[in-house]
Amino acid sequence: MFSTGEYVVYGASGICRIDGVEKRSFDGIHENEYFKLTPCSSVSSACYIPADTIDRKVRRLLTAEEVCAVIDRIPCIETVWDPDNTRRRELFGEMYKSGDCDRILCLIKSVYEQQQMRSAAGKKLPSAEEHILRSAENILNSEFAAALGIKPEEFAGFISDRLNSQQIQ
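Remember, predicted model here, so these are calculated numbers, not experimental data.

Asker: When you look at the side chain of S110 in this model, what are you seeing that I'm missing?
Answerer: Here S110 shows up in helix α4 (residues 101-120). Its relative accessible area of 2% is what places S110 among the buried residues. Looking at S110, its side chain comes within polar contact range of the main-chain nitrogen of V80, at 2.8 Å. If we skip the residues at most four places from it in the chain, S110 touches T79, V80, W81 and F92.

Structure representation (structure tokens):
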């Protein structure tokens, strides 16, 4: 189970601190136990997760070893790109909100691949894809950097170095 003061990952909110368990009634009728989560990126807002569903919606932060294993899988991740803008945005939105590192990495790799192809053709990436790419990178960079004990802005260099060292071996 989770405990007060623990840091966890909650979907698109990213890293959150568990501030406790509270009885609350959001409908004015039923009172239930909720875990109160405060996203590290925004101390002014809180998320309340029903205690009976916390295991399905929240996960523990990855360890440094787990982060390295995820990074090592990047070259094997298959990209996805639906030519239909609406379906693609829905798919990427689901991937982003899932909180699943592999799905978020697939999203990042897919959009980055399109960005490279479009750039080579002198075109820009659609703004919706640029936005989801930045958001997805921010979520993973924060968690991975925290697990590795580095600053989020240092993570891009870390991942590049790790992937390059894999290619040499």
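Asker: How do you make sense of the packing of aromatic side chains when you look at a structure like this?
Answerer: The geometry of an aromatic ring pair is captured by two quantities: the separation of the ring centres and the angle between the planes. If you walk through the whole model with that rule in mind, you get 5 aromatic pairs. Centroid distance F26 to Y34: 4.9 Å. Interplanar angle 90°. Geometry classified as edge-to-face. Residue classification places F26 among the partly exposed residues on the basis of a relative accessible area of 48%. On the numbers, 5.3 Å between centres and 75° between planes, the contact of F144 with F155 is edge-to-face. Here the residue F144 occupies a position in helix α5 (residues 127-148), and F155 occupies one in helix α6 (residues 155-168), the gap between them amounting to 11 residues. Of the residues examined, F155 reaches a relative accessible area of 3% and is grouped as buried. Taken together, the aromatic side chains of F26, Y34 and Y48 make up a single cluster linked through ring pairs. Residue placement shows R24 over the ring face of Y48; its charged tip is 4.4 Å from the ring centre.

Thresholds, definitions, all that
- Residues numbered from 1 in each chain as written.
- Predicted model: local features only at pLDDT ≥ 70, side-chain atom pairs only at ≥ 80, totals over all residues.
- Heavy atoms only, no water.
- Helix = DSSP H or I, 4+ residues; strand = E, 2+ residues; numbered from the N terminus.
- Buried < 20%, exposed > 50% of the residue type's maximum accessible area, 1.4 Å probe, protein only.
- Polar contact = N/O pair within 3.5 Å; in protein donor to acceptor, adjacent residues only side chain to side chain.
- Contact = heavy atoms within 4.5 Å.
- Phe/Tyr/Trp six-rings, centres within 6.5 Å; stacked < 30°, edge-to-face > 60°.
- Lys NZ or Arg CZ within 6 Å of the ring centre and 35° of its normal.

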